[in-house]
Amino acid sequence: MELINLSAIWALIIGFGVMMYILMDGFDLGVGILYPFAPDEHARDVMMNSVAPIWDGNETWLVLGGAGLLAAFPLVYTILLPALYLGVFLMLAGLIFRGIAFEFRFKSRRNRHWWNRAFCWGSMVATFCQGVVVGAYIEGFEVANNVYVGGPFDWLTPFTVITGLALMAGYALLGATWTILKSEGHVQEWAYRITPKLLLLVLVGFAIISIWTPFVDDFVRERWFDHLTLFWVFPFLALVCAGLIWRSVAKRREGQPFVATMGLFLFTYLGLVASKWPYLIPPDITLWEAASAPESQLFLLLGVLFVIPVVLGYTAWSYWVFRGKVRGAGYH
Amino acid sequence: MELDPVLLSRIQFAFVVSFHAIFPVFTIGLASYVAVLHGLFYKTGNPAWDRLAAFWVKVFAVVFGMGVVSGIVMAFQFGTNWSNFSQATSNFLGPMLSYEVVTAFFLEAGFLGVLLFGRGKVPEGVHLFAAIMVAVGTFISAFWILSTNSWMQTPAGVELVDGRFHVTSWAEAMFTASFPYRFTHMALASFLTGGFVVAGVSAWYLLIGRDVEANRKALSMCMWLLLVLAPVQAVVGDAHGLNTLEHQPTKVAAMEANWETQSGVPLLLFAWPDKEAQENHFEIGIPRLASLILTHDLDGEVPGLKAVPKEEQPPVWFVFWSFRAMVAMGMLMIAVAFVGLWLRRGGRLYRSRPFLQTLRLMSVAPFIAVLGGWFVTEAGRAPWLVYGMMTQTEAVTPSLSGWMVLATLIGYVLVYAVVFLTGGYYLTRVVRQGMLAEEPRDDEVETAKRPLSAAHATLEADAGRQFGS
C-alpha cells in the first residue's frame with residue numbers, strides 16, 4: 001500500500017514538474033522560434049528582454065525533472081535516455097547555445113547577429129527534439145529485461161517528425177501570445193497578426209497526431225474509442241481554449257490569449273496522460289514497475305516537498321518583479 | 001579500428017566532468033573568500049573590503065553560471081552512457097544526486113540573488129548573511145557529490161538484490177570509509193584554488209599598479225592562508241593515500257607503478273609503466289621512500305599490481321603520471337607559499353616583480369592538481385565503477401555503439417569549445433575591467449537577476465573601452 005501511495009505522489013510531482021517545464025520554457029523557446037520572423041531589431045530586443053529575466057528559472061524544472069526521475073522512476077531515466085541518445089544530445093546542445101546567447105547577446109555589440117542566430121537555432125532544435133521525444137513516447141520503446149534494445153534512430157520516424165513540428169508550432173503560439181502580453185505598439189500588433197496563423201498550424205498538427213495516434217498504438221485506440229470515456233472532456237476543453245484564443249485575439253485582449261494557450265497545452269497534456277495511464281514507459285512498463293525502492297522515494301520526498309514551495313515562491317516573486325510591459329531597446 | 005563504446009564513454013565522461021569540475025572547485029573556494037570579505041567589511045567598515053567583495057562576486061557569478069551550464073550535461077550523462085549503472089544504483093544514486101540539485105536550487109532561489117544583486121539594497125548584515133549561506137550551500141552541494149563518489153569507491157550500507165542495490169543503511173552508505181578523507185582533501189583543494197587565483201589576480205593588479213592598497217590587502221591575506229593550507233593539504237593527502245592503501249590497494253600500486261608486492265619499495269621519480277609487459281621502463285627512483293611514505297616504515301610492504309589479474313589493473317601509466325602531476329603542483333604551491341613568507345620582510349612581497357609574475361602563473365597550478373587528483377582516483381579504480389561490485393563494462397548502456405558515443409563526444413567538444421572559450425574570454429574581460437570606482441547599480445527593472453548579469457563588462461575589446469577605469 002505504501003509503495004502505491006509513494007509512487008503515485010511521485011508521479012504527481014514529476015507530472016507537475018513536466019507541465020511546469022512545458023508551459024514556462026515553452027514560451028521562452030517560442031520567442032526564440034519566432035525570432036527570424038520578428039519585424040525588426042527593436043522587436044527582437046523587446047522579445048528577448050521579456051524572457052531574459054526568467055528563462056533560466058524555467059529551465060530549473062528540466063533539471064529537477066531529470067534528477068527526480070532517476071530517484072523515483074529510474075527505469076524511465078535508464079530506458080528513455082539511451083533510446084533517445086542522439087536526440088537528447090541535440091536538445092542539450094540547443095539549450096546550451098540558446099542559454100549562452102541570452103547572456104552574451106546583451107554584452108556583445110559587433111557580433112550580436114551571431115548570438116541572434118544561436119538563440120533562434122538553439123530554440124528551434126531544442127523544441128523540435130522535445131516534440132520528437134513526445135512522439136517517440138507515444139510510439140513506445142523496445143525494451144527487454146528493463147533495458148532498451150532498439151536502434152539508435154528508432155526515435156526518428158515520420159510520426160515523430162510531425163510531433164516535433166507540431167510542438168514547434170505550439171511553443172511559437174505560446175511565444176506569440178506571451179509577446180502580446182508583454183509588448184505594445186507595432187510589436188504587439190505583429191504578435192496579434194501571427195497568433196491566428198500559428199493557432200491554425202497547431203490545430204492542424206494536433207488533428208494529424210490525433211488521427212494518426214490510434215493507428216500507431218492499439219492501446220490508445222481501445223482507450224479512446226472502445227467506449228465513451230470521461231477523458232473526452234480533455235480534447236473538448238482544449239478546443240474550447242482554441243476558440244478562446246481566436247476570439248480574444250479578435251477582440252485585442254492582452255492577457256487572455258496567453259492564458260487560453262496555456263489551457264490548450266494543459267488539456268492536451270492531460271489528454272496524453274489519459275492515453276497512457278498507468279503506463280509510464282509505453283508500451284508495457286507501468287508506474288509501479290518503473291519505481292525505485294520505497295525508502296529511496298521517501299528519502300528524497302522529504303527534501304523535495306520542502307524545496308518545491310520555495311522554488312514556486314521564488315518563481316512567483318520573479319514574475320512579479322518583472323511584471324508589466326517591456327519597453328525600449330536598452331537592456332542596461 | 002573497432003570503436004569501443006566503454007572506452008569512448010569513459011573518455012566522454014572524463015571530458016565533460018573535467019570541464020565541469022573546474023568550476024565548482026573554484027566557486028566553492030571563492031564563495032568562502034567572498035563571505036570573509038563581507039565579514040571584514042561588516043566588522044571594520046573599511047571600503048577596500050567592500051570593493052574587493054564587489055569585484056570578486058562578479059567573477060564568482062560568471063564562473064557559477066558556466067558551472068550551471070556544464071552541470072545540465074552531467075545530469076544526463078548517467079542515463080545516456082551508463083544506463084545499467086544508473087539502473088542498478090538508482091536507489092542510492094537517485095536521491096543523492098537529486099539532493100544536490102535541490103540544494104543548488106534552494107541556494108540559488110534563496111541567497112544567490114541577494115548576494116549578487118543586493119549590494120546597497122539590503123542592510124549589510126543581511127548581505128553578509130546571504131554571502132555566508134551561499135558559501136555554506138556550496139559545501140552542502142559538494143557533500144552530496146563527494147559522498148556519492150566515495151560510495152562508488154568504497155561501497156557500504158547496501159545489498160545487491162537481483163542486480164539492483166538496495167540501501168540498508170543511509171548513514172553507512174553516505175558516510176563511507178573514504179568519505180571524510182575525500183571531502184577534506186577536496187575542501188582544502190577548493191580553498192587552495194580560490195587562494196591561488198585571488199593571489200594571481202591581485203599580483204597582476206600590483207604589477208600594473210592598479211588599486212594597490214586593496215590588492216595588497218588581498219594578496220597578504222591569501223598568502224597567509226596558503227602558507228597554512230598548502231602544507232596541511234600535503235598531510236591530508238598523505239592520510240587520504242593511506243586510506244586508499246587500505247581499501248583500494250591496486251590503485252596505490254598503480255600510483256607508484258609498483259608491480260610486485262614487496263618491502264623497501266623505491267619512490268619512482270620517473271618511469272614508463274608498461275602494462276603489457278607488466279614492468280617499468282627507464283626507472284629512476286629514491287630507494288625505500290615509497291615504503292616509508294605509504295607504511296611509515298623503510299622496510300614496509302607495499303602491495304603490487306600483480307596481486308590482481310591484468311584485466312583488473314587500471315591504466316597504470318595514466319594513474320602514475322596524473323599522480324605525479326598532482327604532487328608536483330602541490331610541492332610547487334608549498335614552495336611558493338614559503339617564498340612568500342620570506343619576502344614579507346621589508347614588504348618585498350608586494351614589489352618583487354619575479355615573485356608577482358610567478359604568482360600570476362601559479363593561478364593554473366591548483367586546477368592541474370585537482371584534475372590530476374581526480375584522474376588518479378577515477379582511473380585508478382578501473383575496471384571497477386562500483387569498487388569490487390560493478391565493472392565499467394557491466395555499467396555501460398547496452399544499446400550504445402561506438403560511433404554514437406564518438407559522434408556525441410565530438411559534439412560536446414565543439415559545444416564546450418564555443419561556450420567555454422567565450423566564457424573564459426569574458427572572464428578575462430571582467431578581470432581586466434577590475435574594480436570600478438563606482439559599481440553600476442542595477443536599479444532598472446529590466447536587468448535580469450541571473451548570475452552572468454552580475455558582471456557588466458562587454459564581450460568585445462573595443463566596445464569595452466567605455467568602461468575603462
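In what follows, the structure referred to is the one given above.
Please read these numbers as outputs of a predicted model, since none were measured by experiment.

1. Examining the overall build of chain A
Piece 1. On a plain count of helices and strands, chain A comes out with 12 helices and 4 strands.
Piece 2. Taking 2.2 N^0.38 as the reference for a compact globule, 332 residues should give roughly 20 Å; the C-alpha atoms of chain A span a radius of gyration of 20 Å, in line with that estimate.
Piece 3. The dimensions of chain A, computed from C-alpha atoms along their principal axes, are 55 × 40 × 35 Å.
Piece 4. Expressed as a percentage of contacts within chain A between residues at least 6 apart in sequence, the contacts between residues at least 24 apart total 80%.
Piece 5. Computing the positive centroid from 21 side-chain charges and the negative centroid from 22, chain A places the two 17 Å apart.

2. Description of the nonpolar core
Soluble globular proteins tend to bury their nonpolar side chains together.
Piece 1. Among the nonpolar cores identified, the biggest contains 266 residues, and Phe73, Phe141 and Ile281 of chain A together with Trp56, Val59 and Phe85 of chain B are the most heavily contacted of them.
Piece 2. Among the elements that take part in this core, helix α2 (residues 47-81) of chain B stands out by supplying 20 residues, more than any other.
Piece 3. Excluding its chain neighbours within four sequence positions, the residues that come into contact with Val59 of chain B are Phe26, Leu30, Leu427, Val430 and Val431 of chain B.

3. With respect to the interface of chain B and chain A
Piece 1. Each partner contributes residues to the interface: chain B has 68 residues there, and chain A has 63 residues.
Piece 2. Overall, the association of chain B and chain A removes approximately 6000 Å² of surface from exposure, summing both partners, and the carbon and sulfur fraction of that is 71%.
Piece 3. Linking chain B with chain A are 11 residue pairs in polar contact (both at pLDDT 80 or more), by the criterion used here.
Piece 4. Of all the elements in the fold, those that place two or more residues in the side of chain B that touches chain A are α2, α3 (83-117), β2 (164-167), α5 (170-174), α14 (402-433) and α15 (461-464) of chain B.
Piece 5. Take the side of chain B that touches chain A: its biggest share by element is 17 residues, from α3 of chain B.
Piece 6. Considering only residue class, the side of chain B that touches chain A consists of 36 nonpolar, 24 polar and 8 charged.

4. With respect to a positive patch on the surface
Residue and element names in this part refer to chain B.
Piece 1. Residues Arg216, Arg345, Arg348 and Arg351 make up a contiguous surface patch of positive charge.
Piece 2. Position of Arg348 among the secondary structure elements: in the loop between α10 (316-343) and α11 (353-362).
Piece 3. For Arg348, a relative accessible area of 32% corresponds to the partly exposed category.

5. Concerning unusual backbone geometry
Piece 1. The amide bond that connects Trp277 of chain A to the next residue, Pro278 of chain A, takes the cis arrangement and shows omega of 0°.
Piece 2. Relative to the elements of secondary structure, Pro278 of chain A occurs in the loop between α11 (256-276) and β3 (279-281).
Piece 3. Although it is not a glycine, Arg252 of chain A adopts a positive phi angle of roughly 55°.
Piece 4. A relative accessible area of 39% means that Arg252 of chain A is categorised as partly exposed.
Piece 5. A positive phi is found at His296 of chain B, a non-glycine position, where the angle reads about 60°.
Piece 6. Relative to the assigned elements, His296 of chain B resides in the loop between α9 (289-295) and β6 (301-302).

6. As for the pattern of salt bridges
Residue and element names in this part refer to chain A.
Piece 1. One pass over the structure, following the stated rule, counts 13 salt bridges over all chains.
Piece 2. The partner of Arg98 in a salt bridge is Asp28, with the nearest N and O atoms 2.3 Å apart. A residue pair is termed long-range when its members are at least 10 positions apart, and Arg98 in helix α5 (residues 85-105) and Asp28 in helix α1 (residues 2-34) qualify at 70 residues.
Piece 3. For Arg98, a relative accessible area of 0% puts it in the buried group.
Piece 4. Of the charged contacts, one joins Glu254 and Lys325 as a salt bridge, the two residues approaching to 3.2 Å between their closest N and O atoms.

7. Quick look at the packing of aromatic side chains
Piece 1. By the definition in use, this model includes 51 aromatic pairs over all chains.
Piece 2. Seen from their ring centres, Phe26 of chain B and Phe367 of chain B are 6.0 Å apart, and the 80° between their planes marks the pair as edge-to-face. Taken together, the positions of Phe26 of chain B in helix α1 (residues 5-44) and Phe367 of chain B in helix α12 (residues 365-379) put the pair 341 residues apart, joining distant regions of the chain.
Piece 3. Overall, Phe367 of chain B belongs to the partly exposed group, its relative accessible area being 21%.
Piece 4. Over the ring of Trp320 of chain A we find Arg323 of chain A, and its NZ or CZ is 3.9 Å from the ring centre.
Piece 5. Above the plane of the ring of Phe320 of chain B lies Arg324 of chain B, whose end atom (NZ or CZ) is 3.7 Å from the centre.

The rules behind the values
- Residues numbered from 1 in each chain as written.
- Chains lettered and ligands numbered in written order.
- Predicted model: local features only at pLDDT ≥ 70, side-chain atom pairs only at ≥ 80, totals over all residues.
- Heavy atoms only, no water.
- Helix = DSSP H or I, 4+ residues; strand = E, 2+ residues; numbered from the N terminus.
- Rg over C-alpha atoms; globule rule 2.2 N^0.38 Å.
- Contact = heavy atoms within 4.5 Å.
- Lys, Arg positive; Asp, Glu negative; His and termini not counted.
- Charge placed at Lys NZ, Arg CZ, Asp CG, Glu CD.
- Core = buried A, V, L, I, M, F, W, Y, C linked by side-chain atoms within 4.5 Å.
- Buried < 20%, exposed > 50% of the residue type's maximum accessible area, 1.4 Å probe, protein only.
- Buried area = accessible area lost by both parts, 1.4 Å probe.
- Polar contact = N/O pair within 3.5 Å; in protein donor to acceptor, adjacent residues only side chain to side chain.
- Nonpolar A, V, L, I, M, F, W, Y, C, P; charged D, E, K, R; others polar.
- Patch = residues over 30% accessible without salt bridge, like charges linked within 9 Å, V, L, I, M, F, W, Y side chains within 5 Å.
- Areas by Shrake-Rupley, 256 points an atom, 1.4 Å probe, with all protein chains shown as cover.
- Salt bridge = Lys/Arg side-chain N within 4 Å of Asp/Glu carboxyl O.
- Phe/Tyr/Trp six-rings, centres within 6.5 Å; stacked < 30°, edge-to-face > 60°.
- Lys NZ or Arg CZ within 6 Å of the ring centre and 35° of its normal.

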